[in-house]
Amino acid sequence: MTSSSEFNKAVSVGRPPNIQKRFPNSKALLVSGKFIDLAMIKKKNAICMAANGRNIFVIRGALKAAQRANSALIIEIARSEGGADAYCAVNYWNMARIVDAMCNELGITIPVALHADHYGIKSKADIPDAKIEIPTMFEAGITSIAIDASHLPDDQNLTTNLELKPFIPDWSGLETEIGEIKGKLGLSTKAEALFLIQGLNAHGIFPNWIALNNGTVHGIEASGQGIQVDLTQQIHDALAVYHVSGAQHGTSGNSSQRLREIADRTNTTKANVATALQMISWGLDVNDDGNAALDGNGNFIKIADQGVTETMWATMVAYADNKGWKGGNYKKLNLPFENKLQGLPREIRDRMEKRVESFVYNMLVNVFNAQDTADLAIETILETNGFDPGPKAKRIEDPEEWTPGKITERAALIESNEGPEGDFDD
């Protein structure tokens, strides 16, 4: 276990400049996502949970679970959830403040990264605003970001990543993505992954993670299709020389056994867990796959004396019915009900957090093999003696072969299956 003196040294040297400036008197070890990735690699076959902080009960429960497991942790929110048009009260600009306060209140001593997930770019018209907005997110305390231009053609995905990288601090964790997350439709290919990572490498950009469409969906996965482990392994093997780890999206709806396979057989070091945690905090019946169970009428099943009160749940259901929200769209209840849920009695709030804590702890220890990775992350911070361990990779691609014109030519040769158009947002 890390000693108190080692922890204090890690807090002193390991927090990046934006965290030091925003929280000068804090004892929370908020760090670059790079350290989280490296800790999982050190342990081998370990995955850090990226707990999606749609409400404060999820954040508190996840922090408590990670502390118990002595696991490093990522708290994240996506652009649709916490951006300018958010459906959650937790957002890109207040998440660091919330997490920092909770860590100090709860005595959390594990390293935590704050990840801006799915910063989506859906057209070239989004780029100018992104150049303004991304720096404000880092000013607010974000320590890791996912640039998601996967909605665009392969060449534009790459060029968008290149264009936005100057607005991301070099010390920050970085994730990139190919293929929208839309289940078995439009599965990612090895050629697409190589194209993106090689093009970035040629320009001296070395992402920590790449996210794929490897068979999962965001929200509720009822098809049983789930993660395609073989496909993931093949793509990760092809990328091995570039030292990029995998980010697994859409874990809800996949069995613990399948997620253990991802840990054992692939280079995945980050796994997003979102919908399951939200449903658990509310007190819904959630199975081992992370899917909320449905009754014969297709409605969620609320467990008595778990999560929110029965009266509050009835109010939430009525609100959703009035809006015409079903299934995964219950996520939109987060914003209008956050303050109402915080106004519930302490014993209710405590049981909401405890339910999340139990679920997250089990996943960290028994599925993701992440226990004791907190010590490894702190060890790496102390070895670095700073807040930036540097890139994992080095440039091996020739930039002359990745000029704008050649990027377009190369992209035209890629065979891919983008799948149907539609709303596949996170």
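Residues numbered from 1 in each chain as written. Predicted model: local features only at pLDDT ≥ 70, side-chain atom pairs only at ≥ 80, totals over all residues. Heavy atoms only, no water.

Q: Even after reading the chapter, I still don't get the overall build of the protein chain, so can you show me in this structure?
A: Helix and strand counts for the protein chain come out as 17 helices and eight strands. Relative to a compact globule of 426 residues, whose C-alpha radius of gyration would be 22 Å, the protein chain shows 20 Å and is just as compact. Along the first, second and third principal axes, the C-alpha atoms of the protein chain reach 65 × 55 × 40 Å. Residues counted as buried form 57% of the 426 residues belonging to the protein chain. Considering only contacts in the protein chain between residues 6 or more positions apart, those separated by 24 or more positions represent 78%. Carbon and sulfur atoms make up 48% of the accessible area of the protein chain, which amounts to about 16200 Å² in all. Separation of charge centres in the protein chain, based on 42 positive and 54 negative side chains, amounts to 5 Å. (Helix = DSSP H or I, 4+ residues; strand = E, 2+ residues; numbered from the N terminus. Rg over C-alpha atoms; globule rule 2.2 N^0.38 Å. Buried < 20%, exposed > 50% of the residue type's maximum accessible area, 1.4 Å probe, protein only. Contact = heavy atoms within 4.5 Å. Areas by Shrake-Rupley, 256 points an atom, 1.4 Å probe, with all protein chains shown as cover. Lys, Arg positive; Asp, Glu negative; His and termini not counted. Charge placed at Lys NZ, Arg CZ, Asp CG, Glu CD.)

Q: Just checking my understanding: could you explain the packing of helix α7 (residues 127-139) against helix α8 (residues 154-164) for this structure?
A: For any two helices packed against each other, one specifies the crossing angle of their axes together with the interaxial distance. One can describe the packing of α7 onto α8 by two numbers: an axis separation of 10 Å at closest approach and a directional angle of 35°. Judged by the sense of rotation from one axis to the other, the crossing of α7 with α8 is right-handed. On the side of α7, the interface is formed by Ile127, Ala130, Lys131 and Ile134, while α8 contributes Thr160, Glu163 and Leu164. Taken together, the residues of the contact of α7 with α8 sort by class into four nonpolar, one polar and two charged. (Axes fitted to C-alpha atoms, helices over the stretch in contact; angles between N-to-C directions. Left-handed = near helix turned anticlockwise from the far one by under 90°. Nonpolar A, V, L, I, M, F, W, Y, C, P; charged D, E, K, R; others polar.)

Q: Is there a simple way to think about the sheet that holds strand β6 (residues 209-211) in this case?
A: One key point about sheets: their strands pair by backbone hydrogen bonds, in either a parallel or an antiparallel sense. Within the closed barrel, the eight strands sit side by side as β1-β2-β3-β4-β5-β6-β7-β8. Their pairing is parallel. Neighbouring strand axes in the sheet, compared pairwise and without regard to direction, differ in orientation by 25° on average. Each of β1 (48-52), β2 (73-78) and β3 (112-120) touches helix α4 (residues 56-69); the most contacted strand, β2, lies at about 160° to it. Packed on one face of the sheet, α7 meets β3 and β4 (144-148) and runs near 165° to β3. (Pairing = 2+ DSSP bridges.)

Q: Just checking my understanding: could you explain the packing of aromatic side chains for this structure?
A: The geometry of an aromatic ring pair is captured by two quantities: the separation of the ring centres and the angle between the planes. What the rule picks out here adds up to nine aromatic pairs. Aromatic side chains phenylalanine 138 and tryptophan 171 sit 6.0 Å apart centroid to centroid with 85° between the ring planes, which places their arrangement in the edge-to-face category. A residue pair is termed long-range when its members are at least 10 positions apart, and phenylalanine 138 in helix α7 and tryptophan 171 in the loop between α8 and β5 (173-177) qualify at 33 residues. Here the aromatic rings of tryptophan 313 and tyrosine 330 are separated by 6.0 Å at their centres, their planes lie at 45°, and the arrangement is tilted. Within this pair, whereas tryptophan 313 is found in helix α13 (residues 310-323), its partner tyrosine 330 is found in the loop between α13 and α14 (334-342), the two being separated by 17 residues in sequence. (Phe/Tyr/Trp six-rings, centres within 6.5 Å; stacked < 30°, edge-to-face > 60°.)

Q: Before we go on, may I ask you to explain the pairing of β1 in this structure?
A: Two faces, one strand: in a regular strand the side chains alternate between the faces of the sheet. The buried fraction of β1 is high, at five of five residues. Of the two faces of β1, the one lined by Cys48, Ala50 and Asn52 and the one lined by Met49 and Ala51 are each fully buried. Direction of pairing for β1 relative to strand β8 (residues 268-273): parallel, over a ladder of four bridges. Looking at the pairing, methionine 49 lines up with alanine 271 of β8.

Q: For this particular structure, what's the right way to read the nonpolar core?
A: Proteins that are soluble and globular tend to have nonpolar side chains buried together. With 106 residues, the main nonpolar core has Met49, Ile75, Ile145, Trp282, Leu341 and Phe368 as its most contacted residues. The element best represented in this core is α4, accounting for nine residues. Those residues in contact with methionine 49 that sit more than four places away from it in its chain are Leu73, Ile74, Ala271, Val273, Leu277, Val360, Met363, Leu364 and Phe368. Core analysis: the second largest hydrophobic core is formed by 20 residues, Val31, Ile36, Ala46 and Cys48 among them. (Core = buried A, V, L, I, M, F, W, Y, C linked by side-chain atoms within 4.5 Å.)

Q: Would you explain the confidence of the model for the protein chain in this entry?
A: Across the protein chain, pLDDT averages 93, with 93% of residues at or above 70. Confidence drops under a pLDDT of 50 for residues 218-224, and excluding neighbours within four residues, the segment shows 22 contacts in the predicted structure. (pLDDT = per-residue confidence, 0-100.)

Q: What am I meant to see in the pattern of salt bridges here?
A: If charged atoms from side chains of opposite charge come close, those side chains can pair. Under the definition given, this model contains 22 salt bridges. Aspartate 321 serves as the salt-bridge partner of lysine 326, at 3.9 Å between the closest nitrogen and oxygen. Judged by its relative accessible area of 52%, lysine 326 falls in the exposed class. When salt bridges that share partners are traced, they join Arg60, Lys64, Glu105 and Glu353 into one network. (Salt bridge = Lys/Arg side-chain N within 4 Å of Asp/Glu carboxyl O.)

Q: Teacher, can you tell me more about α7 here?
A: For the α-helix, the turn length of 3.6 residues means that residues three or four positions removed from each other point alike. The end-to-end C-alpha distance of α7 is 19 Å, a good match for the 18 Å that 13 residues give at a rise of 1.5 Å each. Those residues of α7 that fall on the buried side of the exposure criterion are Ile127, Ala130, Glu133, Ile134, Met137 and Phe138. Downstream of α7 by a residue or two, glycine 141 has a phi angle that is positive, lying close to 120°. (Expected span 1.5 Å × (residues − 1).)

Q: Which parts of the structure should I look at to understand helix α6 (residues 95-106)?
A: The first and last C-alpha atoms of α6 sit 16 Å apart over twelve residues, in line with the 16 Å expected at 1.5 Å per residue. Every buried residue belonging to α6 is among Met95, Ala96, Val99, Asp100, Met102 and Cys103, and all of these are buried. The arc that holds every buried residue of α6, seen down its axis, measures 165°, which confines them to one face. Its buried side turned inward, α6 meets α4, β2 and β3. Count one or two residues on from α6 and you reach glycine 107, which has phi positive near 70°. (Arc of directions from axis to C-beta.)

Q: So what exactly am I meant to see when it comes to the pairing of β2 here?
A: Across the six residues of β2, six count as buried, placing the element largely inside the fold. Both faces of β2 are covered, namely the face carrying Leu73, Ile75 and Ile77 and the face carrying Ile74, Glu76 and Ala78. The parallel pair β1 and β2 is bridged by α4, and the resulting crossover is right-handed. Bridging between β2 and β3 involves six bridges; their strand directions are parallel. Among the inter-strand pairings, isoleucine 75 is bridged to a residue of β3, identified as leucine 114. (Right-handed = clockwise from strand over helix to strand, strands pointing away.)

Q: What exactly am I supposed to notice about the environment of isoleucine 205 here?
A: You can see isoleucine 205 is positioned in the loop between α9 (190-202) and β6. Look at isoleucine 205 and you get buried, because its relative accessible area is 8%. Ignoring anything within four residues of it in the chain, the contact list for isoleucine 205 reads Leu162, Lys165, Leu174 and Leu200.

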